[in-house]
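So the chains spell out like this:
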Amino acid sequence: MRRIILVCLVSLFAFPFHAMAKVVNEDKNLYSFEMMEADLKRLQQTLPIEVHSIGKSEKGRDIWAVKLGKGQKSILLVGAHHGREWLTTHLLVKMLEQYGTAYEKGKQLGEYSTKLLDEISIWFIPMINPDGVSIQQGNLSGFSHYEKIVTWQRNNYSMDWTRWKANAKGIDLNRQYPAGWDEVKTDVSQPFYQFYKGKKPFEAVEVQALAQFTYRIEPLVAVSYHTSGREIFWHYHNKQEHMARDYELAKKTAELTGYKLSKPEKHAVGSGFTDWFITEFKRPGMTIELSYLVEETNPPLSVFPEEWKRNRLVGMMLVKEAVSGIK
């Protein structure tokens, strides 16, 4: 009976869903996967960068990683774990462009010399969840009619896609890491637009790709950009011997951005990327929340100039700190 109902729904909603499968980069109020790919292609032609696909999303989109610098050691900056966090992608691509241009010309960025990139490189992964971003922006191209109906169900039967956080399978990517995963309690026990942690850690192919890449490059620092709240999370069961080191780095980031520095919680629940990075690599990891607080949606693109101003030097500051001796 349930299958019959779904078949009827497929026929009923075929036209509305088809109409929504638009070319999303025509909308100037967002930053899409297609926009990011076009920008990376353009930058690859003009800047000394390496662009690599580290894997594919559930729907076959490339997960792009870009290296800037000659250093064998590196830091890692990751954006858009969640579909509604594409502002972080826009920030990282602009950071890549600004840093790459200054590096090529041998110019300073604020107080920081781009020659530091000869010693420590930056790896950018601007969009780890390209399917989630596309869904959030109303682009369900590549989905069958049945998949569109299933996705609509996972969106709690709403046609408002702007709240979508998960990947194309309804898994929340930032609840997929084996650092406190068992302790994460949620009322969501099946694929949903947010908060479903999956049946096991590293279930989602996007998370698998990022974890494997992180093991390969072993970054000295890892930052995961999110939205919203203008806050920095830096502490997850840190070893006592690393507390002072990690706090100082987080404090410098807070001073640079003007964001609130979170207080360590004794019983913090993890399963996020930087939680895993801190425990697995014993190195500094930070989750940086852009924008003033918004509820279940993306921050407006109008906030970008302010967030760029706050974050434009974060990458270079972290490079300098890594050069100074993070091990």
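Residues numbered from 1 in each chain as written. Predicted model: local features only at pLDDT ≥ 70, side-chain atom pairs only at ≥ 80, totals over all residues. Heavy atoms only, no water.

**A few points about the pairing of strand β7 (residues 222-227)**
Counting buried positions along β7 gives 6 out of 6 residues, so the element sits mostly inside the fold. Because side chains alternate across β7, one face comprises the buried residues Ala222, Ser224 and His226, and the other comprises Val223, Tyr225 and Thr227, equally buried. Pairing geometry for strand β3 (residues 73-78) and β7, over 3 bridges, is parallel. What sits directly across from Leu76, in β7, is Ala222. As judged from the 6 bridges shared by β7 and strand β10 (residues 285-290), these two strands associate in the parallel manner. Each bridged residue has a counterpart across the sheet, and for Ser224 the counterpart in β10 is Thr287. (Buried < 20%, exposed > 50% of the residue type's maximum accessible area, 1.4 Å probe, protein only. Helix = DSSP H or I, 4+ residues; strand = E, 2+ residues; numbered from the N terminus. Pairing = 2+ DSSP bridges.)

**With respect to the nonpolar core**
In terms of nonpolar packing, the biggest core is built from 58 residues, with Ile75, Leu77, Phe124, Tyr225, Met286 and Leu318 touching the most fellow members. Of all the elements, helix α3 (residues 86-105) adds the most residues to this core, at 10 residues. Ignoring sequence-local partners within four residues, the contact set of Phe124 consists of Trp64, Ala65, Val66, Leu68, Leu77, Leu92, Met95, Leu96 and Tyr99. In this structure, Ala65, Trp123, Tyr177 and Ile278 belong to the second largest nonpolar core, which totals 28 residues. (Core = buried A, V, L, I, M, F, W, Y, C linked by side-chain atoms within 4.5 Å. Contact = heavy atoms within 4.5 Å.)

**Remarks on unusual backbone geometry**
Residue Thr227 is joined to Ser228 through a cis peptide bond whose omega torsion reads 20 degrees. Secondary-structure assignment places Ser228 in the loop between β7 and β8 (231-233).

**Describing the packing of aromatic side chains**
Enumeration over the complete set of coordinates arrives at 15 aromatic pairs. Both rings, one in Tyr177 and one in Phe202, keep their centres 6.1 Å apart while their planes meet at 90 degrees; by these two values the pair is edge-to-face. Residue Tyr177 is found in the loop between α5 (145-154) and α6 (205-217), and its partner Phe202 is found in the loop between α5 and α6; the two are separated by 25 residues along the sequence. According to the relative accessible area criterion, Tyr177 is buried, its value standing at 0%. We classify Phe202 as partly exposed; its relative accessible area is 24%. A network of ring pairs unites the aromatic residues Tyr177, Phe202, Tyr215, Phe273, Trp276, Phe277 and Phe281 as a single cluster. (Phe/Tyr/Trp six-rings, centres within 6.5 Å; stacked < 30°, edge-to-face > 60°.)

Function cannot be read off these values alone, since they describe shape.
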